[in-house]
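Residue-level listing of the chains:
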Amino acid sequence: MRRTLALIATAAFALSLAGAADAQKIDKAGNCHAKDGKLAKMEVCKPLKPAAATAGYKKDANGACHGPDGKMVKKEMCK
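Fair warning: this is a prediction, and the values are worked out from it, not measured in the lab.

### What about the sheet that holds strand β4 (residues 65–66)?
If you walk across this open sheet you meet the three strands as β3-β4-β5, and the pairing is antiparallel. The two strands at the open ends of the sheet, each matched to only one other strand, are β3 (58–59) and β5 (72–73). For β4 and β5, the ladder comprises two bridges, and the chain directions are antiparallel. Bridge assignment links C65 to a residue of β5, and that residue is V73.

The structure is reproduced here in structure tokens:
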């Protein structure tokens, strides 16, 4: 009985986290998406952008921004 209650509590907790995780997202290209999946303004996603998210992004001599894999990304990712 305790094991069943523990599984139910764990599942309820996981579902509560899943609802919070599908809010705003920043994709690999640096675009901000609202929770409905449509593109949104970067101001919406600013709180989601941790310092570690910009690690590995560098500007070249021309001012273009490159990601950790060397591909060009939006300039906002290099700030």
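### What to know about the environment of L39
Structurally, the position occupied by L39 is in the loop between β2 (32–33) and α2 (42–45). Its relative accessible area of 62% is what places L39 among the exposed residues. Measuring from C-alpha to C-alpha, the distance between L39 and I26 comes to 9.7 Å, with 13 residues separating the pair along the chain. Residues contacting L39, with those up to four places away along its chain left out, are N31, C32 and H33.

### Topic: the state of the cysteines
All chains considered together, the criterion is met by one disulfide. In this model C65 forms its disulfide with C78; the gap between the sulfur atoms is 1.8 Å. When the S-S torsion is 90 degrees, as for the bridge of C65 with C78, the disulfide is right-handed. A residue pair is termed long-range when its members are at least 10 positions apart, and C65 in strand β4 and C78 in the segment after β5 qualify at 13 residues. One exposure class covers both C65 and C78, and it is buried.

Reading guide: rules and limits
Residues numbered from 1 in each chain as written. Predicted model: local features only at pLDDT ≥ 70, side-chain atom pairs only at ≥ 80, totals over all residues. Heavy atoms only, no water. Pairing = 2+ DSSP bridges. Helix = DSSP H or I, 4+ residues; strand = E, 2+ residues; numbered from the N terminus. Buried < 20%, exposed > 50% of the residue type's maximum accessible area, 1.4 Å probe, protein only. Contact = heavy atoms within 4.5 Å. Disulfide = S-S within 2.5 Å.

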